[in-house]
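A closer look at the structure
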Amino acid sequence: MALLALGFGVVGLDRFIINPLFPTMQKELGLSYQDLGSISAVLALTWGVASIFSGQISDRLGHKPVIVASAILFSVLVATTGFAGGLMSLIALRAMMGLAEGAFVPASITATVEASKSSRIGLNVGLQQMAAPLFGLGFGPLIAVALLKVLPSWHYVFAVVAIPGFIIAVLMARVIRHDPPHSRADHTTEKSVGFLHALGNRNVIFNMIGMCLYLATLIVLSAFLPSYLTDYLKLDINQMGMVLAGQGLGSFVGMVAIPAISDRLGRKPVLIVSLAVEFVALVALMGIGANPLALFLVIFVVTVMNAGAVAITVGPLTNASVPPAIAATATGLVVGVGEIFGGALAPAVAGGLADAMGLPVIIKIGVLAIGLAFVVVLLGVKEPRARVQTQDAVAQV
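A quick note: this is a predicted structure, and the numbers were derived from the prediction, not measured. (Residues numbered from 1 in each chain as written. Predicted model: local features only at pLDDT ≥ 70, side-chain atom pairs only at ≥ 80, totals over all residues. Heavy atoms only, no water.)

1. Quick look at the side chain of Thr112
Assignment of secondary structure puts Thr112 in helix α5 (residues 87-114). Polar side-chain contacts of Thr112 include one of 2.9 Å to the backbone oxygen of Ser108. Excluding residues that lie within four positions of it along the chain, Thr112 makes contacts with Met1, Leu4, Asn124, Val125 and Gln128. (Helix = DSSP H or I, 4+ residues; strand = E, 2+ residues; numbered from the N terminus. Polar contact = N/O pair within 3.5 Å; in protein donor to acceptor, adjacent residues only side chain to side chain. Contact = heavy atoms within 4.5 Å.)

Next up, the structure:
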């Protein structure tokens, strides 16, 4: 659990470290807000494609080979990002990085679920999932600001943040148990049709729609908030780092507490309440000016609820809705489709809208997305039956 969480934390750090560095990179490379949206979009697009196909590969070959190989590859790629000299090289490197990081996600989530007792699936998945936003959105801005003060330029920051990935990859290769893929006798019919069986499940379909909307809010805000805070609200770089730390702290709290609560109260009721609170907080965010403390608190609430919704959806809700033999396939579909449309399309559109209409439009995008997500969960998602016998048998062994 510790290594899977740390691995996902490195994924988050490598993915989001570019956001607080962007104001500095923008001046040197002559980039626009549309360019930032495109850079975020291409990584999310390839992340989504890799998640869709790597989930089925993980179901067939086992989780450990996919996890270790992807960790080594994305660490190499984040280090080489420092060599980028313009928009096209950044897009190419981030696209390849998205393939590697996307492959890590379904395998790591399913490995966490299979190692958990049924009464703690939500909590354990939350503990694993919270590391990505904690390191990427919470520690990331603070790390970026600190490294910019001691290193010659932003180019060197990417090389430094790549180091933990290599260390974690070696530790996972040595420590994580290699569970063989499910036997042929285990859900052979479901496994043979793979994607088709997963897509025939009602919750998988609505989970994919929900993930598109959750990630549209998360990725757009994480990509454009640094520029919104410094360019529109005129906060200095230290105030920006403090405010953005609310995203990381909120993700930490939300991804642990919200799924754990859902272990007790049910997945759907907790999702509905979380989305309602997030919607109200986003509306409130539109009216806050250059007040760092108020911004921190509201962004914290938004991220708590969004992170909790993501963790419930990709973990216990999706896994309990399908047979074990296609759990990684279903998880890959939910993550992958969410990344392609919510993570890739949304920031690309948001970048163009920000150039045309101004940076405040990014918050309005979040309000619209979460309002739609509330309706989707309320009308579409059904509370799944937990696979108690399967999970408890694994825990007892």
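2. Points about the pattern of salt bridges
Applying the stated criterion across every chain, the model contains two salt bridges. With its nearest N and O atoms 2.8 Å apart, the salt bridge here joins Arg267 to Asp263. According to the relative accessible area criterion, Asp263 is partly exposed, its value standing at 22%. (Salt bridge = Lys/Arg side-chain N within 4 Å of Asp/Glu carboxyl O. Buried < 20%, exposed > 50% of the residue type's maximum accessible area, 1.4 Å probe, protein only.)

3. Examining the confidence of the model for the protein
Taken residue by residue, the protein gives an average pLDDT of 83. The fraction at 70 or more is 92%. A low-confidence stretch, residues 183-192 stays under pLDDT 50, and its non-local contacts, those more than four residues away or across chains, total 14 contacts. Long-range and interchain partners of residues 388-397, a stretch whose pLDDT sits below 50, account for twelve contacts in this model, where long-range means more than four residues apart. (pLDDT = per-residue confidence, 0-100.)

4. Thoughts on the packing of aromatic side chains
Taken as a whole and judged by the stated rule, the model has five aromatic pairs. Here the aromatic rings of Phe8 and Phe104 are separated by 6.3 Å at their centres, their planes lie at 20°, and the arrangement is stacked. Here Phe8, found in helix α1 (residues 2-16), pairs with Phe104, found in helix α5; they are 96 residues apart in sequence, far enough to count as distant. Exposure remark for Phe104: the relative accessible area of 0% places this residue in the buried category. Among the aromatic residues, ring-to-ring pairing joins Phe8, Phe74 and Phe104 into one connected group. Between the NZ or CZ atom of Arg15 and the centre of the ring of Trp47, over which it lies, the distance is 4.3 Å. (Phe/Tyr/Trp six-rings, centres within 6.5 Å; stacked < 30°, edge-to-face > 60°. Lys NZ or Arg CZ within 6 Å of the ring centre and 35° of its normal.)

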